[in-house]
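# Chains, contacts and geometry: an overview
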Amino acid sequence: MLCYDFFMVSFSQPDYSSKTPALRHLHEVQEEIYRQLYLLLPDQITFYDSLVSRVPGSPDLRLEVLERHAYTTFFRLTYEFTEGDERNYAPDAHIRFYHDAHIAEATSFNLDQGCARTAHPAYPMMQLMQQAWRRNRALDRWLDYLLRQGHSVATMREAKKPISDKQSEAVLVEIS
C-alpha cells in the first residue's frame, strides 16, 4: 500500500515564466508533474486500463493506459465531451510516467503525435528543449487546474468502456 503523506504537493504554481528552458528546469517541471499525477492515479491503475473521474462542474476526465512496463506507464489523459452519440476529447495529453525516477513527461497534446518521434540526434537540440518545455509546462498547468477542480485518487473509478474513437484506435494499433 502506498503512503500518500510522503509527497507534499503545493497547489501554488512555481514561477517558471522567468526561467529559460534548461534541462534542470525541465526536470523540475517533470518532478512536479509526477507529484500532481500521484494525487490523481489510484493504485487500481495496475489493474484497469481505463479510468474516469467525475466531479461536479467539470467534464469527465478520462485516463487510458496505452502501455505498461516494469518501470514506466504510458497513458492518455483527456476530457471527454459528449454530445448525443458523438464524443470529443481535449486536451489530449499523452504522458510517460516513470515510477522509478519519480518524474513524468508529456510526450504530446495531440493524438496524431502520440507515438511520433520527438527526438533524433539530427534534430536541433534547442528546439527539442523548447518543445519539451512547452508541452510539460502546459501539462503542469492543466494538472494544477484538475486538482483544483476536485479530481483526485478518490474520484477515479474504473470506466465501463474504454475511449473508443477512430483516432485512438489507430494509435493503439501503431503501438502494438
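No experiment lies behind these values; they were computed from the predicted model shown. For every chain, the first residue of its written sequence is number 1, and the numbers climb from 1 along that sequence. Owing to the predicted nature of the model, reporting of local features is limited to residues with pLDDT of at least 70; listing and counting of side-chain atom pairs is limited to 80 or more, with chain, interface and lining totals taken over all residues. Values shown for side chains rest on all heavy atoms present in the structure; no hydrogens or waters enter the calculation.

Note on ring pairs: Phe, Tyr and Trp rings are taken, using the six-membered ring of Trp, and paired if centres are within 6.5 Å. Classes follow the plane angle, with under 30 degrees stacked, over 60 edge-to-face and the rest tilted. What the rule picks out here adds up to five aromatic pairs. With 4.7 Å between their ring centres and 15° between their planes, Tyr-34 and Phe-97 make a pair best called stacked. You can see Tyr-34 sitting in helix 1 (residues 23–38) and its partner Phe-97 sitting in strand 4 (residues 86–98), a full 63 residues away along the chain. Comparing Tyr-34 with Phe-97, the two get one shared label, buried. When the centroid spacing of 5.9 Å and the interplanar angle of 65° are considered together, the rings of Tyr-79 and Phe-81 count as edge-to-face. We classify Tyr-79 as buried; its relative accessible area is 6%. Cluster of aromatic residues (ring-pair linked, three or more members): Tyr-34, Tyr-38, Phe-75 and Phe-97. Consider the ring centre and the ring normal. A charge sits over the ring if Lys NZ or Arg CZ is within 6 Å of that centre and within 35 degrees of that normal. Lying across the ring of Tyr-89, Arg-76 places its NZ or CZ 5.0 Å from the centre. The positively charged end of Arg-96 is found above the aromatic ring belonging to Phe-74, 4.4 Å away from the centroid. A run of H or I in DSSP counts as a helix once it spans at least four residues, and a run of E counts as a strand once it spans at least two, with each numbered from the N terminus. The buried label applies to any residue whose accessible area, calculated with a 1.4 Å probe on protein chains only, is under 20% of its type's maximum; exposed applies above 50%, and partly exposed to all values in between.

What follows is about the pattern of salt bridges. In the sections that follow, a salt bridge refers to a side-chain nitrogen of Lys or Arg positioned within 4 Å of a carboxyl oxygen of Asp or Glu. In total, this model carries nine salt bridges according to the counting rule given. Arg-137 serves as the salt-bridge partner of Asp-140, at 2.7 Å between the closest nitrogen and oxygen. Residue Asp-140 and its partner Arg-137 are both found in helix 2 (residues 125–149); the two are separated by three residues, about one turn of the helix. The salt bridge involving Arg-148 is made with Asp-144; its shortest N-O contact spans 2.9 Å.

Let us look at the confidence of the model for the protein. pLDDT gives the predictor's per-residue confidence on a scale running from 0 to 100. Residues of the protein with pLDDT of at least 70 account for 72%, and the chain-wide mean is 80. Every residue in residues 1–9 is under pLDDT 50, and counting partners more than four places away or in other chains gives 14 contacts. Whether two residues are in contact is decided by their heavy atoms, any of which lying within 4.5 Å being enough. The model gives residues 166–176 a pLDDT under 50, and that stretch makes 15 contacts with residues more than four places away or in other chains.

It is worth spelling out the environment of Leu-146 at this point. Note that Leu-146 resides in helix 2. A relative accessible area of 0% means that Leu-146 is categorised as buried. Sequence-distant contacts of Leu-146, defined by excluding residues within four places in its chain, comprise Leu-40, Leu-61, Leu-77, Tyr-79 and His-151.

Looking now at helix 1. In this model, helix 1 (16 residues) spans 22 Å end to end at C-alpha, consistent with the 22 Å of a helix rising 1.5 Å per residue. Residues of helix 1 that are buried: His-25, Leu-26, Val-29, Gln-30, Glu-32, Ile-33, Tyr-34, Gln-36, Leu-37 and Tyr-38. Take the residue count of a helix, subtract one, and multiply by 1.5 Å to get its expected span.

Think of it this way: DSSP has to see at least two bridges between two strands before they count as a pair. In space, the six strands of this open sheet follow the order 5-4-3-2-1-6, with antiparallel pairing throughout. Edge positions in the sheet fall to strand 5 (103–108) and strand 6 (156–158), since each has one partner strand and no second. Taking each pair of neighbouring strands and ignoring which way they run, the sheet shows an average axis angle of 30°. Of the strand pairs in this sheet, strand 4 and strand 5 are connected by five bridges, and their pairing is antiparallel. Paired with Phe-97 across the bridge in strand 5 is Ala-104. Here an axis means a line fitted to C-alpha atoms, over the contact stretch when the element is a helix, while the angle between two N-to-C directions is reported on a 0 to 180 degree scale. Against the sheet, helix 1 makes contact with strand 3 (72–83), strand 4 and strand 5, and its axis sits at roughly 100° relative to strand 5, the strand it touches most.

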